[in-house]
Amino acid sequence: MSKVETIYLKDYKKSEFTVKTCDLVFELFEEHTQVTNLMSIIKVDKNCKNLVLNSVDLELIEIYLNDAKLDESRYVIEKETLTVLDVGDEFKLIIINKIYPQLNSELEGLYKSGNIFCTQNEPEGFRRITPYIDRPDVMAVFKTTLVANKERYPILLSNGNRESNFRLDDGRHGITWFDPHPKPSYLFALVAGDLGVIEGKFITKSKKYVRMYIYTDKGNESKCKHAMKSLKEAMKWDEDVYGREYDLDLYNIVAVDSFNMGAMENKGLNIFNSTYVLADEDTATDANFMGIQSVIAHEYFHNWTGNRITCRDWFQLTLKEGLTVFRDQCFSADLNSKEVQRIEDVKALRERQFVEDSSPTAHPIQPNSYIAINNFYTATVYEKGAEIIRMIYTLLGEEKYRKATDLYFQTFDGQAVRTDDFLWAMSSAGGVDLKQFERWYHQSGTPKLKVDEKFDGGKYTLTLTQIVPNAVDGSAQKPYFFPLKIALLDESGKEIEKKTLIVSKEIEEFVFKTSAKPILSINRDFSAPIIIEQTHNNYAFLMKHDKNSFVKYESAQSFGVETIEAMMRGEEIDEEFVKSYGHILDSEMDLSYKALLLELPSVLAIMQREEVVDFEPIYEAKEKLQKHLALTFKEKLLEIYTQNHKPASKELDAKSIGERSVKNRCLKLLSALESDEVIMMANAQYNGSITMTDRVAALDILENSSPEFSAVALEHFYKKYKDDTLVMNKYFSILAASHRDGTLDRVMALQNDDAYNELVPNLVRSLIGVFARNYKHFHAKDGLGYRFVVDKMIDIDKINPQMASGLAGAFKIYEKLNSVNKKLMKTELDRVVSEPSISKNVYEIVSKILKID
Ligand code: BES
Ligand code: ZN
């Protein structure tokens with residue numbers, strides 16, 4: 001890689017020009033698309049002479065300035081810019097250019113997903129469509145006319161409302177769309193294709209009638225029902241909880257198979273990865289249904305937190321993403337189970353964000369610099385960002401938080417703002433000083449909190465010490481301000497004290513009067529995104545008695561981790577843990593929650609606690625513990641399985657989902673016995689169940705325990721679903737995650753499967769991405785796992801750099817690896833950075849992992 005340019009927040013400058021209106025005409029042909037872009041532009045900085053437009057890979061045809069054609073001496077084309085020389089204070093500019101969406105494999109800008117034309121413009125895709133001031137603080141009113149062959153592309157969509165249509169005599173037709181809301185270019189979208197559709201309606205609280213349409217490939221219409229239901233739920237929730245109404249007459253969603261991310265909130269025209277739209281019980285798992293509900297809601301919520309109020313610059317990304325993730329988490333918690341949702345959120349944070357935060361790619365939720373902005377749609381900006389908003393919510397309380405968000409919407413509607421503006425609204429309406437709190441936006445790494453307890457003579461003293469890691473550049477960072485929910489329990493589990501402590505100093509001391517030494521329940525609900533360092537042996541007690549569903553879960557996890565760590569040191573299995581596990585099995589509780597409590601800590605969770613990571617000892621100890629639990633509780637596990645196994649049921653209510661979840665957890669644990677009995681059960685479940693949840697769970701067990709049965713079931717599965725790409729994703733994932741010998745060879749061979757296609761990100765993620773998280777085979781000591789993934793990363797980088805840098809995420813663990821794995825990984829990663837044509841996306845991540853300059 002030659003020189004790379006780093007972009008700094010401190011270099012932010014206001015735009016010298018602004019675009020008032022942008023009228024676009026797209027003529028979509030089979031080989032190319034012609035774009036006519038008419039902009040009315042105003043000079044903001046009167047000292048400025050030339051207009052610089054972003055322009056990437058565009059073939060310029062001609063330019064008109066106030067209706068006069070410009071000759072070539074009046075503009076300059078450089079690698080990523082088009083500069084128009086000597087422009088006035090207010091002018092009209094027409095640019096006509098050509099693009100090649102059919103050849104666009106990066107899936108940014110205008111591209112084709114199968115036979116559908118679609119766009120992805122966040123963060124910087126619009127500059128690949130037409131020359132523009134492509135930054136979020138330039139907001140214009142867009143009018144868009146699409147022209148295409150009527151037979152092939154009967155459906156033509158863009159943002160806003162449909163204005164007019166016309167027919168041409170060459171078989172083409174045209175439709176004009178108008179979006180009255182000024183918006184940044186990243187929210188622009190268009191779609192053209194021959195699509196099926198379902199329709200819905202919603203009446204807002206002020207009695208406005210909104211029509212909703214979900215478009216998909218023909219034949220999939222019936223799979224859009226759950227998405228439509230979710231959209232209505234989201235609209236209602238945002239009215240009830242945030243007082244936010246939808247602001248157009250029309251809400252369109254289009255599902256496409258080729259999409260780099262999950263979904264995109266384009267104004268009035270969301271474009272979705274089909275994974276987050278299409279579902280029925282035969283082809284989608286319970287987790288898929290939940291995922292659809294939350295992603296549909298997330299993109300809908302952006303209409304206020306993102307679109308109406310957008311980001312001044314991309315360093316502010318967490319302003320819209322952290323806040324919107326927090327909103328979608330609360331939505332899912334309200335509609336489903338609060339306790340399960342909170343645990344799932346924390347699990348996701350730890351599995352992805354904590355790993356990032358302890359690596360050289362750590363960054364604050366508001367970064368200071370980037371090379372490729374696409375790399376900053378991270379777990380830190382999103383999930384940690386959501387935790388920061390949640391802390392504000394906890395500090396303010398429900399009522400004041402609502403006042404503060406009202407103030408935020410009222411003050412900044414229609415503007416492109418900064419996280420500081422959001423914090424201003426929170427602190428002024430919330431009546432809380434957030435000055436020190438701001439450090440959460442500017443510092444990186446996960447703070448630890450050391451807990452010391454002392455009891456004497458009716459006085460319980462809690463001493464908390466913040467251990468704040470250094471920044472990636474080695475500089476020291478300062479203590480944080482955060483809410484810490486705690487309770488003190490007596491020996492029967494009763495809460496004798498319940499409080500939200502405010503921690504702000506490096507060392508804090510809290511004193512309580514109690515008659516006997518209490519048991520501490522700390523960081524309840526995970527009130528702050530920190531790591532608690534505590535040495536005690538109360539886990540069994542808390543697992544049994546704590547009324548806080550999060551701490552109960554957390555104690556089970558911590559106890560599990562400690563048990564496994566002790567086994568890794570060669571100690572016997574801690575029977576106290578086994579007993580506590582048995583107690584959970586015997587207890588009555590919500591079944592989805594129970595399934596979570598019964599889940600042993602992930603290898604990743606254990607690994608995070610180690611200074612130096614070696615995978616084999618971790619999963620060997622974990623497997624041994626699993627087997628021991630399965631043996632000890634065989635009868636009980638079988639009983640729970642039998643009670644909850646209802647193969648003919650495909651209901652999606654909480655109870656049915658809970659039943660599937662807990663019985664599949666039991667079956668998975670039982671599979672550690674490697675007995676024929678359990679294999680037969682899994683096989684019967686595969687053949688007899690009517691839900692995808694049950695079939696996938698059974699397949700996974702068969703694949704990992706019986707090559708013979710697995711082969712038969714997989715063949716059946718393949719035959720049945722080979723034409724359904726969303727189901728094939730599951731097929732590839734099961735095989736790529738397999739712990740069986742020979743997995744790497746099978747993954748390599750699967751690349752030639754008819755159902756596989758390297759151009760489709762979902763498939764790459766299911767096969768290569770999932771393999772890169774298969775710690776057993778990816779980290780194999782022959783180094784072949786690393787070599788394979790790096791080979792793929794280099795290949796795929798040529799097709800789609802964003803997809804390739806996604807694969808680079810699997811290497812973020814580098815620094816913590818044992819010397820053998822580290823050396824093997826380094827050899828492969830060195831190949832990446834010395835690849836002359838490597839993209840800046842991949843270069844940025846890999847060079848940071850290897851700490852190159
Ligand atoms: N605005 C993003 C989509 C996006 C992601 C654009 C990355 C450009 C680069 C969208 O709102 C989003 O956050 N989507 C998530 C799913 C969401 C539920 C967290 C995604 O695509 O993963
Ligand atoms: Zn988002």
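Coordinates for the structure precede this section.
Here goes a summary of the coordinates provided.

Conventions used here
Residues numbered from 1 in each chain as written. Chains lettered and ligands numbered in written order. Predicted model: local features only at pLDDT ≥ 70, side-chain atom pairs only at ≥ 80, totals over all residues. Heavy atoms only, no water. Helix = DSSP H or I, 4+ residues; strand = E, 2+ residues; numbered from the N terminus. Buried < 20%, exposed > 50% of the residue type's maximum accessible area, 1.4 Å probe, protein only. Contact = heavy atoms within 4.5 Å. Areas by Shrake-Rupley, 256 points an atom, 1.4 Å probe, with all protein chains shown as cover. Lys, Arg positive; Asp, Glu negative; His and termini not counted. Charge placed at Lys NZ, Arg CZ, Asp CG, Glu CD. Axes fitted to C-alpha atoms, helices over the stretch in contact; angles between N-to-C directions. Parallel < 35°, antiparallel > 145°, perpendicular 65-115°, else oblique. Left-handed = near helix turned anticlockwise from the far one by under 90°. Nonpolar A, V, L, I, M, F, W, Y, C, P; charged D, E, K, R; others polar. Donors = N, O, S within 2.8 Å, 3.2 Å for Na, K, Ca; no water. Tetrahedral: all angles 85-135°; square planar, octahedral: opposite > 155°, others 65-115°. Pairing = 2+ DSSP bridges. Near = heavy atom within 4 Å. Polar contact = N/O pair within 3.5 Å; in protein donor to acceptor, adjacent residues only side chain to side chain. Phe/Tyr/Trp six-rings, centres within 6.5 Å; stacked < 30°, edge-to-face > 60°. Disulfide = S-S within 2.5 Å. 1 Å grid on protein atoms, 1.4 Å probe; cavity = no way out; pocket = protein on both sides within 12 Å on 5 of 7 lines; lining within 4 Å. Points joined across faces, edges and corners; volume = space filled by probe spheres on them.

1. A look at the overall build of the chain
Line of reasoning, step 1. Counting secondary structure elements, the chain contains 26 helices and 31 strands.
Line of reasoning, step 2. With respect to the three principal axes, the spread of C-alpha positions in the chain is 85 × 65 × 60 Å.
Line of reasoning, step 3. In the chain, which comprises 853 residues, the proportion classed as buried is 60%.
Line of reasoning, step 4. For the chain, restricting intrachain contacts to residue pairs at least 6 apart in sequence, the fraction spanning at least 24 positions comes to 70%.
Line of reasoning, step 5. Accessible surface, the chain: about 33900 Å² in total, of which carbon and sulfur atoms supply 50%.
Line of reasoning, step 6. Of note, the chain has its 109 positive side-chain charges centred 3 Å away from the centre of its 130 negative side-chain charges.

2. Describing the packing of helix α9 (residues 549-568) against helix α13 (residues 615-632)
Line of reasoning, step 1. Here α9 crosses α13 at 115 degrees, and the two axes come no closer than 9 Å. Classified by the angle between their axes, α9 and α13 sit roughly perpendicular to one another. Remark: the crossing between α9 and α13 carries right-handed chirality. Residue-level contacts link Thr-563, Ile-564, Met-567 and Met-568 of α9 to Pro-617, Ile-618, Ala-621, Lys-622, Lys-624 and Leu-625 of α13.
Line of reasoning, step 2. Taken together, the residues of the contact of α9 with α13 break down into seven nonpolar, one polar and two charged.

3. Looking at the coordination of the zinc ion (ligand 2)
Line of reasoning, step 1. Protein-derived ligands of the zinc ion (ligand 2) are His-298 (NE2), His-302 (NE2), Glu-321 (OE) and Glu-321 (OE), with the metal-ligand distances lying across 1.9 to 2.7 Å.
Line of reasoning, step 2. The site at the zinc ion (ligand 2) holds six donor atoms, and with the angles between them running 53 to 161 degrees, its shape is irregular.
Line of reasoning, step 3. Here the donor residues for the zinc ion (ligand 2) map to a single chain with the spacing H-x3-H-x18-E. In this pair, His-298 sits in helix α2 (residues 286-301) while Glu-321 sits in helix α3 (residues 317-335), placing the two residues 23 residues apart along the sequence.
Line of reasoning, step 4. For His-298, a relative accessible area of 7% translates into the label buried.
Line of reasoning, step 5. With a relative accessible area of 2%, Glu-321 lands in the buried category.

4. Details of the sheet that holds strand β10 (residues 109-113)
Line of reasoning, step 1. If you trace the four strands from one edge of the open sheet to the other, you get β10-β11-β16-β13, paired in antiparallel fashion. Strands at the two margins of the open sheet, each flanked by one partner only, are β10 and β13 (155-158). Averaged over all pairs of adjacent strands, the angle between their axes in this sheet comes to 20 degrees, without regard to strand direction.

5. What about the environment of Asp-745?
Line of reasoning, step 1. Its location among the elements puts Asp-745 in helix α20 (residues 743-750).
Line of reasoning, step 2. Given a relative accessible area of 54%, Asp-745 falls into the exposed group.
Line of reasoning, step 3. Residues Asp-745 and Ile-253, 492 residues apart in the sequence, show an inter-C-alpha distance of 39 Å.

6. Topic: the site of ligand 1
Line of reasoning, step 1. What surrounds ligand 1 is a group of 15 residues, the closest being Glu-122, Gly-262, Glu-265, Glu-299 and Tyr-382.
Line of reasoning, step 2. Ala-263 places a main-chain nitrogen or oxygen 3.2 Å from an oxygen atom of ligand 1.
Line of reasoning, step 3. Within the side chain of His-302, one N or O atom sits 2.9 Å away from an oxygen atom of ligand 1.
Line of reasoning, step 4. Counting residues per element, the ones that place at least two in the shell around ligand 1 are β20 (263-264), α2 and α3.
Line of reasoning, step 5. Residue classes in the shell around ligand 1 are distributed as six nonpolar, four polar and five charged.

7. Let's talk about the sheet that holds strand β21 (residues 269-273)
Line of reasoning, step 1. Strands sit in the order β17-β18-β19-β21-β20 across an open sheet of five strands; the sheet is mixed. Each edge of the sheet is formed by a strand with only one pairing partner; in this case those strands are β17 (195-203) and β20.
Line of reasoning, step 2. Where helix α1 (residues 225-242) meets the sheet, it contacts β17, β18 (209-217) and β19 (250-256), and its direction lies at approximately 30 degrees from that of β17.
Line of reasoning, step 3. Along the sheet face, α2 touches β19, β20 and β21 and points at about 150 degrees away from the line of β21.

8. A look at the packing of aromatic side chains
Line of reasoning, step 1. Taken as a whole and assessed by the stated rule, the structure comprises 49 aromatic pairs.
Line of reasoning, step 2. Ring plane angle 55 degrees and centroid distance 5.6 Å describe the contact between Phe-526 and Phe-550, whose orientation is recorded as tilted. Of the two residues, Phe-526 sits in the loop between β30 (519-522) and β31 (531-533) while Phe-550 sits in helix α9, which places them 24 residues apart along the sequence. Taken individually, Phe-526 and Phe-550 each receive the classification buried, so the pair is uniform in this respect.

9. Considerations on the state of the cysteines
Line of reasoning, step 1. Overall, the coordinates contain zero disulfides when judged by the stated rule.
Line of reasoning, step 2. You can see Cys-311 has no disulfide; the closest cysteine sulfur is in Cys-330, sitting 19 Å from it.

10. Quick notes on empty space enclosed by the protein
Which parts of space are left empty comes out when a probe the size of a water molecule is rolled across the atoms.
Line of reasoning, step 1. Applying the stated criterion across every chain yields a total of four cavities of 30 Å³ or more.
Line of reasoning, step 2. Taken as a whole, the largest cavity holds about 50 Å³ of empty space.
Line of reasoning, step 3. If you go around the largest cavity, the residues you meet are Val-355, Ser-358, Ser-359, Met-607, Gln-608, Lys-812, Ile-813, Glu-815 and Lys-816.
Line of reasoning, step 4. Classifying every residue of the lining of the largest cavity by side-chain character gives three nonpolar, three polar and three charged.

11. Quick look at the packing of α1 against α2
Line of reasoning, step 1. The geometry of α1 relative to α2 is characterised by a closest axis approach of 8 Å and an angle of 45 degrees between their N-to-C directions. Here α2 runs oblique to α1, going by the angle between their axes. Where α1 crosses over α2, the two elements pack in a sense that is right-handed. Facing α1, whose interface residues are His-226, Ala-227, Ser-230, Leu-231, Glu-233, Ala-234, Met-235, Trp-237 and Asp-238, α2 presents Phe-289, Ile-292, Gln-293, Ile-296, Ala-297, Tyr-300 and Phe-301.
Line of reasoning, step 2. Taken together, the residues of the contact of α1 with α2 sort by class into 11 nonpolar, three polar and two charged.

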